[in-house]
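# Topology and contacts: notes
Here's the letter readout for the chains.
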Amino acid sequence: MRTGLDHLPASNQRELRMVADTTLDRFEEAHSRAATQWKKKGRLHKIILYGSYARGDWVYEPHTKKAYRSDYDLLIVVNHKRVVDNVDFWESLRATFMGLLEQRQMKVPVGIIVHTRQEFHNALAQGRFFFADVAREGIALYEDDDKPLPKPRPKTPESELALAREYFDQWYPGAGEFYDAFEFNVGKGRPQNAAFQLHQSVEQLYHTALLVSTFYTPHVHNIRHLRNEAAKIDRRFVYVWPEDTHWQRACFNLLKDAYVKARYSKPYRISAEHLAWLGEQAQELARVVRLVCEERIAALERRAADDAETTVVHLPKRAARLGR
């Protein structure tokens, strides 16, 4: 795995060193002084930069209408599932980087996903493309050893196609069921429950798109994070949620917060006007997800057909040699 950042401007190199140092310091502080044994034994094995800043094709357009900026995408590899599931710590770390961004101490947002070393190695051995890309293109900002990663086992075009179809058939209909529950609760005058059901529909749609396109989706419920991840695979996702006005931005934030607050926070309120607009945008998201997934599956079908044709062309020659 690469370790150099020379392809990046000096300002990005400084930011990434600060991100890595902050992550290590916060992790050490949170786990070394903890009372519980599993926290004391928590270890951070790797901080890997992947995605556009690792490849060199990042986008930084803060002054355009959409103000799109690529994230620093980080895969953090730890030693135990309970460390991965320590949601409070990882959300606090994300909030720290968001605060630095808002205070203009950083220019680039930080996206974080966390997996155990076993999960990472198993995914590589299975040929999961997201993790294979991370291993191939990623840059280690920190690692506690230099042991080589497992070599990804190549997938056949047929197995890729089968997996993409499986993900679409499993996840996309579920998003529709949540949307039906959203409409039912709107009709019954239950705005909080309607908001939660719509959040679930939108979350499921993003998981669908990411799984079909990359065979991976992060284990998060934050739809803003999922929206950012989807925008990296297809720019059509950038335009699903307009944020040209404060009202539109507030609408999306109400939906993002609905996963927790619509169920557990009494002060949470969302209006019929908010729900109507959010429902329309969710339908547009469903349209884009279906389109992106159908294009992806069609491309995989062509690859599988080409592979099958090549195999058939060569089979007679192999049979002739075996028959001699």
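Conventions we followed
Residues numbered from 1 in each chain as written. Predicted model: local features only at pLDDT ≥ 70, side-chain atom pairs only at ≥ 80, totals over all residues. Heavy atoms only, no water. Buried < 20%, exposed > 50% of the residue type's maximum accessible area, 1.4 Å probe, protein only. Helix = DSSP H or I, 4+ residues; strand = E, 2+ residues; numbered from the N terminus. Pairing = 2+ DSSP bridges. Salt bridge = Lys/Arg side-chain N within 4 Å of Asp/Glu carboxyl O. Axes fitted to C-alpha atoms, helices over the stretch in contact; angles between N-to-C directions. Parallel < 35°, antiparallel > 145°, perpendicular 65-115°, else oblique. Left-handed = near helix turned anticlockwise from the far one by under 90°. Contact = heavy atoms within 4.5 Å. Nonpolar A, V, L, I, M, F, W, Y, C, P; charged D, E, K, R; others polar. Expected span 1.5 Å × (residues − 1). Phe/Tyr/Trp six-rings, centres within 6.5 Å; stacked < 30°, edge-to-face > 60°.

In terms of burial, strand E2 (residues 72-78) is largely enclosed, as 7 of its 7 residues are buried. Residues of E2 alternate between two faces, with Tyr72, Leu74, Ile76 and Val78 on one and Asp73, Leu75 and Val77 on the opposite face, all of them buried. Where strand E1 (residues 44-50) and E2 come together, 6 bridges link them in antiparallel fashion. When the sheet's bridge partners are listed, Leu44 is paired in E2 with Val78. Pairing geometry for E2 and strand E3 (residues 110-116), over 7 bridges, is parallel. Within E3, the residue paired with Leu74 across the bridge is Ile112.

With that out of the way, let us pick up the pattern of salt bridges. Evaluated as defined, the whole model comprises 21 salt bridges. The residue Glu137 makes a salt bridge to Arg136 at a minimum N-O spacing of 3.7 Å. Judged by relative accessible area, which is 22%, Glu137 ranks as partly exposed. A relative accessible area of 54% places Arg136 in the exposed class. With its nearest N and O atoms 3.3 Å apart, the salt bridge here joins Glu243 to Arg227. Of this pair, Glu243 sits in the loop between helix H10 (223-233) and helix H11 (246-264) while Arg227 sits in helix H10, placing them 16 residues apart in sequence. Three or more residues joined by partner-sharing salt bridges are found here, namely Arg55, Asp57, Asp133, Arg136 and Glu137.

Where helix H9 (residues 191-214) meets H10, the closest approach of the two axes is 10 Å, and the angle between their N-to-C directions is 30°. By the angle between their axes, H9 is roughly parallel relative to H10. For H9 against H10, the interelement crossing comes out left-handed. The residues of H10 that touch H9, namely those facing His199, Val202, Glu203, Tyr206, His207, Ala209, Leu210, Ser213 and Thr214, are Ile223, Leu226, Arg227, Glu229, Ala230 and Ile233. Split into classes, the residues belonging to the contact of H9 with H10 amount to 8 nonpolar, 4 polar and 3 charged.

In a regular helix each residue adds 1.5 Å, so 16 residues correspond to 22 Å; helix H5 (residues 87-102) covers 22 Å between its end C-alpha atoms and thus fits that length. Listed in full, the buried residues belonging to H5 are Phe89, Trp90, Leu93, Thr96, Phe97, Gly99, Leu100 and Leu101. Buried residues along H5 sit in contact with helix H1 (10-32), E2, helix H4 (81-84) and E3. Two residues or fewer past H5, Arg104 is found with a positive phi of approximately 65°.

Helix-helix packing is described using two parameters, namely the angle between the two axes and the distance between the axes. The N-to-C vectors of H10 and H11 enclose an angle of 110°; their axes lie 9 Å apart at closest approach. Regarding the angle of H10 to H11, the classification is roughly perpendicular. Across the interface between the two elements, Ile223, Arg224 and Arg227 of H10 pack against Phe252, Asn253, Leu255 and Lys256 of H11. In terms of residue class, the contact of H10 with H11 is built from 3 nonpolar, 1 polar and 3 charged.

This part is about unusual backbone geometry. At Arg104, a position not held by glycine, the phi torsion is positive, near 65°. Mapped onto the secondary structure, Arg104 falls in the loop between H5 and E3. For Phe215, which is not glycine, the phi dihedral falls at a positive 65°. Relative accessible area serves as the criterion here: at 3%, Phe215 is assigned to the buried category.

So, about the sheet that holds E2. Paired through backbone hydrogen bonds, the strands of a sheet run either parallel or antiparallel to each other. The sheet built from 4 strands is open, its strands ordered E3-E2-E1-E4 with mixed pairing. The strands lining the two open edges of the sheet, one partner per strand, are E3 and strand E4 (139-143). For this sheet, the mean angle separating the axes of adjacent strands, direction not counted, is 20°. Along the sheet face, H1 touches E1, E2, E3 and E4 and points at about 155° away from the line of E1. Relative to the sheet, H10 contacts E1, E2 and E3, its axis offset from that of E3 by approximately 95°.

Attention shifts here to the packing of aromatic side chains. Applying the stated rule across the entire model yields 15 aromatic pairs. Measuring from ring centre to ring centre gives 5.2 Å for Trp241 and Phe252, while their planes differ by 65°; the resulting arrangement is edge-to-face. Taken as a pair, Trp241 in the loop between H10 and H11 and Phe252 in helix H11 lie far apart in primary sequence, 11 residues in all. When its relative accessible area of 2% is taken as the criterion, Trp241 is described as buried. Taken together, Trp241, Trp247, Phe252 and Trp277 form an aromatic cluster joined through their ring pairs.

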